[in-house]
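# Breakdown of the fold
What follows is the residue order along each chain.
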Amino acid sequence: MSASSCIFCQIISEKVPAHPVYRDERCSAFMEFHPVNPGHVLIVPNRHIERFYESEKSVAGHLMGVARDIYQTIRETSVRCDGANIFLSDGAEAGQDVEHTRLHIAPRFAGDNHKPGFLHSDPASAVPAKLERIAETIRSKISN
């Protein structure tokens, strides 16, 4: 997807209206058009980055820092927010529907009828020997 056809790039360039809550030189945050609950915010890098793993560590860290600040701010408002899901879906297989990386802050509260997290995990994947083999594979390739 090119930046010119990306809905988030169009929002950042103010070609498409949105409901902004924050902006700096590296990222923008605005209300989700299809919120899980009221107060659901998206935080996107201002530069078109399709996949999270393609972002520089400084951008990724900045997005998370801004998410923390916005989450704290939401909790200080009248928006109902007893907890939150802060998440990122990377790739179509993970539910990324627009090829522009973003963090979601979805306020949560008891009785909101939304299911959190990974309720369909595979217990067979939790065998200690298998977990250690996968951990070693990742450790052997990880770079700091």
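What this report covers is the structure whose coordinates are included nearby. (Residues numbered from 1 in each chain as written. Predicted model: local features only at pLDDT ≥ 70, side-chain atom pairs only at ≥ 80, totals over all residues. Heavy atoms only, no water.)

## Thoughts on unusual backbone geometry
- Despite not being glycine, Glu14 has its phi angle at roughly 65 degrees, a positive value.
- Mapped onto the elements of the fold, Glu14 is located in the loop between helix H1 (7-12) and strand S1 (20-23).
- Non-glycine residue Asn113 carries a positive phi angle of around 65 degrees.
- In this structure, Asn113 sits in the loop between strand S5 (103-108) and helix H3 (128-141). (Helix = DSSP H or I, 4+ residues; strand = E, 2+ residues; numbered from the N terminus.)

## Section: the pairing of S1
- Sheet topology places S1 next to strand S2 (residues 27-31); three bridges connect them, and they run antiparallel. Its bridge partner lying in S2, Pro20 is registered against Phe30.
- Adjacent in sequence and paired antiparallel, S1 and S2 are bridged by three residues. (Pairing = 2+ DSSP bridges.)

## A word on the sheet that holds strand S3 (residues 41-45)
- The strand order across the open sheet formed by five strands is S1-S2-S3-S5-S4, and the pairing between neighbours is antiparallel. Both edges of this open sheet fall to S1 and strand S4 (83-87), since each of them pairs with a single strand only. Neighbour to neighbour, the strand axes of the sheet diverge by 15 degrees on average, direction disregarded.
- Lying on the sheet, helix H2 (residues 57-75) is in contact with S1, S2, S3, S4 and S5; it crosses S3 at an angle near 160 degrees. (Axes fitted to C-alpha atoms, helices over the stretch in contact; angles between N-to-C directions. Contact = heavy atoms within 4.5 Å.)

## Description of a nonpolar patch on the surface
- A cluster of nonpolar side chains, contributed by Ile134, Ile138 and Ile142, occupies part of the molecular surface with about 300 Å² of accessible area.
- Turning to its location among the elements, Ile138 is positioned in helix H3. (Patch = residues over 30% accessible without salt bridge, like charges linked within 9 Å, V, L, I, M, F, W, Y side chains within 5 Å. Areas by Shrake-Rupley, 256 points an atom, 1.4 Å probe, with all protein chains shown as cover. Salt bridge = Lys/Arg side-chain N within 4 Å of Asp/Glu carboxyl O.)

## Some thoughts on the nonpolar core
- By size, the foremost hydrophobic cluster in this structure holds 14 residues, and its most contacted members are Val41, Ile43, Leu63, Ile70, Ile74 and Ile105.
- Those elements that provide at least two residues to this core are S2, S3, H2 and S5.
- The leading source of residues in this core is H2, at six residues.
- In this structure, Ile105 is in contact with Gly39, His40, Val41, Ile43, Ala67, Ile70, Tyr71, Ile74, Ala84, Asn85 and Ile86, ignoring residues within four places of it in sequence.
- In terms of nonpolar packing, the next biggest core, distinct from the first, is built from nine residues, Ile12, Leu42, Val44 and Val98 among them. (Core = buried A, V, L, I, M, F, W, Y, C linked by side-chain atoms within 4.5 Å. Buried < 20%, exposed > 50% of the residue type's maximum accessible area, 1.4 Å probe, protein only.)

## Digging into the packing of aromatic side chains
- Taken as a whole and assessed by the stated rule, the structure comprises one aromatic pair.
- Their ring planes at 45 degrees and their centres at 5.8 Å tell us that Phe8 and Phe30 sit as a pair that is tilted. Taken as a pair, Phe8 in helix H1 and Phe30 in strand S2 lie far apart in primary sequence, 22 residues in all.
- For Phe8, a relative accessible area of 6% gives the class buried. (Phe/Tyr/Trp six-rings, centres within 6.5 Å; stacked < 30°, edge-to-face > 60°.)

## Description of the state of the cysteines
- Enumeration over the complete set of coordinates arrives at zero disulfides.
- There is no disulfide at Cys6, and the cysteine sulfur nearest it, in Cys9, is 3.8 Å away.
- Cys27 forms no disulfide, and the closest cysteine sulfur to it belongs to Cys9, at a distance of 14 Å. (Disulfide = S-S within 2.5 Å.)

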